[in-house]
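Letter by letter, the chains look like this.
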Amino acid sequence: MRRRFIIHIDIDAFFAAIEELLNPSLKGKPVIVGGLPHERGVASTASYEARRYGVHSGMPLRKAYQLCPHGIFIRGNYQIYQTFSEKFFHLLSQYTPDVEEASLDEAYLDLTRCRPLYFSFSRTAREIKQRVEKELGISVSVGVGSNKILAKLATRRAKPGGLFEIGEGREEEFLKDLGIECLPGIGPKAQVILRMLNIHKIGDLWGLPRPTLRSLFGLSGEELFLQSRGIDSRPLVTASVPKSVSRETTFLQDLWDRRLLLAHLAYLCDRLTLPLRRGRLFAHIIEVKVRYSDFKTEARRRLLVSPVQEMGRIYSIAQELFLGLFSSSRLSLRLVGVKASDLARARPLSLFEPYSERSERLGLAVDQVREKYGFGSLLTVREKMLESLYSFEKKRGFVLKTASLTK
Ligand SMILES: [Mg+2]
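Keep in mind the model is a prediction, meaning the values are calculated, not measured. (Residues numbered from 1 in each chain as written. Predicted model: local features only at pLDDT ≥ 70, side-chain atom pairs only at ≥ 80, totals over all residues. Heavy atoms only, no water.)

1. Quick word on a nonpolar patch on the surface
To keep things clear, this is the line we draw: By definition, no residue in a patch forms a salt bridge, and every one has over 30% relative accessible area; like charges are joined within 9 Å, nonpolar side chains (Val, Leu, Ile, Met, Phe, Trp, Tyr) within 5 Å. Using the Shrake-Rupley algorithm and a 1.4 Å probe, accessible areas are obtained, with residue cover drawn only from the displayed protein chains. Definition used for salt bridges: Asp or Glu carboxyl oxygen within 4 Å of a side-chain nitrogen of Lys or Arg. The secondary structure listing takes helices from DSSP runs of H or I that are at least 4 residues long and strands from runs of E that are at least 2 residues long, numbered from the N terminus.
Together, Val369, Tyr373 and Leu378 make up a nonpolar patch on the protein surface, roughly 280 Å² of accessible area in all. On the secondary structure map, Tyr373 appears in helix α14 (residues 357-373).

2. Section: the nonpolar core
So the rule is basically this: What we call a nonpolar core is a set of buried Ala, Val, Leu, Ile, Met, Phe, Trp, Tyr and Cys residues that are connected through their side-chain atoms within 4.5 Å. Classification of residues uses two cut-offs on accessible area relative to the type maximum, computed with a 1.4 Å probe and protein chains only: under 20% is buried, over 50% is exposed, and between them is partly exposed.
Counting 39 residues, the largest nonpolar core has Leu261, Ile286, Phe322, Leu333, Val336 and Val338 as its most contacted members. At eleven residues, the largest contribution of residues to this core is made by helix α12 (residues 258-278). Core analysis: the next-biggest nonpolar cluster, separate from the first, contains 37 residues, Ile11, Val33, Phe88 and Tyr118 among them.

3. Points about the sheet that holds strand β12 (residues 333-344)
How we decide: Strand pairing is assigned whenever DSSP detects at least two bridges linking the two strands. Note on method: axes are straight lines fitted to C-alpha atoms, helices fitted across the in-contact stretch only, with angles between N-to-C directions ranging 0 to 180 degrees. Note on contacts: a residue pair qualifies if any of its non-hydrogen atoms lie within 4.5 Å across the two residues.
Here we have four strands laid out as an open sheet, ordered β9-β12-β10-β11, and antiparallel in their pairing. Looking along the sheet, the strands with just one partner apiece sit at the ends: β9 (244-255) and β11 (297-308). With direction set aside, neighbouring strand axes in the sheet form an average angle of 10°. Helix-sheet contacts for helix α13 (residues 311-326) involve β10 (282-292), β11 and β12, and the interaxial angle to β11 is about 150°.

4. With respect to the layout of surface pockets
Worth spelling out the cut-off: The method works on a 1 Å grid over the protein atoms by themselves. A cavity is a set of points holding a 1.4 Å probe that cannot get out, a pocket is an open set with protein on both sides within 12 Å along at least five of seven lines, and residues with an atom within 4 Å of a point line them. Grid points are joined across faces, edges and corners, and a volume is the space filled by probe spheres set on the points. Throughout, the ten residues Ala, Val, Leu, Ile, Met, Phe, Trp, Tyr, Cys and Pro are labelled nonpolar, Asp, Glu, Lys and Arg are labelled charged, and all others, Gly among them, are labelled polar.
If you add up the space inside the largest pocket, you get close to 760 Å³. Surrounding the largest pocket, 24 residues form its lining, Gln82, Thr83, Glu86, Leu364 and Gln368 being those nearest its centre. Contributing elements (two or more residues each) for the lining of the largest pocket: α4 (78-92), α5 (121-136), α12 and α14. Element by element, the count of residues in the lining of the largest pocket is highest for α14, at eight residues. In terms of residue class, the lining of the largest pocket is made up of five nonpolar, seven polar and twelve charged.

5. Describing the coordination of the magnesium ion
Note the following rule: Nitrogen, oxygen and sulfur within 2.8 Å of a metal are treated as its donors, or within 3.2 Å for sodium, potassium and calcium (Na, K, Ca); water is not counted, so a site can appear incomplete.
Every protein donor of the magnesium ion is accounted for by Asp10 (OD), Ile11 (O) and Asp105 (OD), and the metal-donor separations fall at 2.1 to 2.3 Å. Each donor residue of the magnesium ion lies on one chain, and together they are spaced D-I-x93-D. Here Asp10 falls in the buried class, since its relative accessible area comes to 11%. Take Ile11: its relative accessible area is 2%, and that puts it in the buried class.

6. Regarding the environment of Ala46
Mapping Ala46 onto the fold places it in strand β3 (residues 45-46). In this structure the C-alpha to C-alpha distance between Ala46 and Leu136, which are 90 residues apart in sequence, comes to 19 Å.

7. Considerations on the domain arrangement of the protein chain
Our working definition: Where each domain begins and ends follows an automated or database-derived domain assignment. Buried area: the accessible surface (1.4 Å probe) lost by two parts on joining, summed over both. Here a polar contact means two N or O atoms within 3.5 Å. Within protein one must be a hydrogen donor candidate and the other an acceptor candidate, and residues neighboring in sequence count only if both atoms are side-chain atoms.
Each assigned domain of the protein chain is listed here: domain 1 (1-162), domain 2 (173-228) and domain 3 (244-395). On the domain 2 side, the residues contacting the six residues of domain 1 number seven residues. In this assembly, domain 1 packs against domain 2 so that about 580 Å² is buried in total across both faces, 78% of it on carbon and sulfur atoms. Of all residues in domain 1, Ile149, Leu153 and Arg156 bury the most surface against domain 2, accounting for 70% of the area lost on that side. In this structure, the connection of domain 1 to domain 2 is made through zero salt bridges. At the boundary of domain 1 and domain 2, one finds zero residue pairs in polar contact (both at pLDDT 80 or more).

8. A word on the pairing of strand β7 (residues 140-145)
Our working definition: The path from the first strand over the helix to the second decides the hand: if it runs clockwise while the strands point away from the viewer, the crossover is right-handed.
Most of β7 sits inside the fold, with six of its six residues counted as buried. Of the two faces of β7, the one carrying Val140, Val142 and Val144 and the one carrying Ser141, Gly143 and Gly145 are both buried. For strand β1 (residues 6-11) and β7, the ladder comprises six bridges, and the chain directions are antiparallel. Its bridge partner being in β7, Ile7 is matched across the sheet by Val144. Where β7 lies against strand β8 (residues 163-165), three bridges are found, and the strand directions are parallel. Looking at the pairing, Gly143 lines up with Phe164 of β8. In this fold, the crossover linking β7 to β8 by way of helix α6 (residues 148-158) has left-handed handedness.

Dropping the structure here:
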């Protein structure tokens, strides 16, 4: 079988690290995120300083307080962590489309398909680690191996803040002396059974024949047999990229007013960018479709060298395409639609059009406001115009199918 190149990357004490970033005076202190000492609930993250007192994630807060009474307890802000997590995955997606989001702060990257792009995997792993640490200002641990389980075990060895690579042919040597509790397939019950058999290290497991493991643990015994030898053929579970995203409106009365149609197109482009931002998707093709009053349908598309996500850029392309269709027509329109396709989950890399993080942040901020206060709480100038034209037309008894922007 072809050797795979898997990188596992995990942010060290994630929530606590973000709190330290927001408030540098917390650095070097025992920080416990999850709630206040007297509250119910558990610690979700403990900084390494707090771990020295025996505090760990999942521990009841009261117990954490007993162990570390001078610890700094913080409730935490999930939304900020989420934003950080998005940045983290955004950065990782620039190295390969094969990224598994194992949790908010933990990812697997498969570089096998991208092999020709990279001179050396060890170097790339190191580069990713350095970039995440520099650009996000937090420490990460990185493991490199030929499959998921080996990469994850390598990260465990690397923690905190290190990088560990299991070289080809060194798998057994690496696994031999690790405790059996390191294997994800071994729960507390299995541990008790194995320790009774005087099996404490992964290397000890190799002495147990396959049928014995099977009779002890059933199907998971089979898995254990493979895991303990560092065999793991599981593919990464990556979020699938949709083929296209589109928005369209059929008007109740056919429209001729160019201003109204362009304003409507702007509204559709705005609607279209939400799923693109959510899915961190960029489109290589923008297409505009119109249906005339005689039911004839026409479409125009543009193929883009550097893919787009931002509303302003999508609208300016859509506007050109639309005018190309509409200006030559003598008919009014009954439908307008816009579609983004050939989607990729990667930031465009172009020397000439530097990617603007500001516009992305603006987009995400707009989404948050609209989520809370409704779509109409923030409108672009064109949408505002559509809204006023719409209420003007409404007074004249004219109704659009998109009944209201303020839904
Ligand atoms: Mg972590």
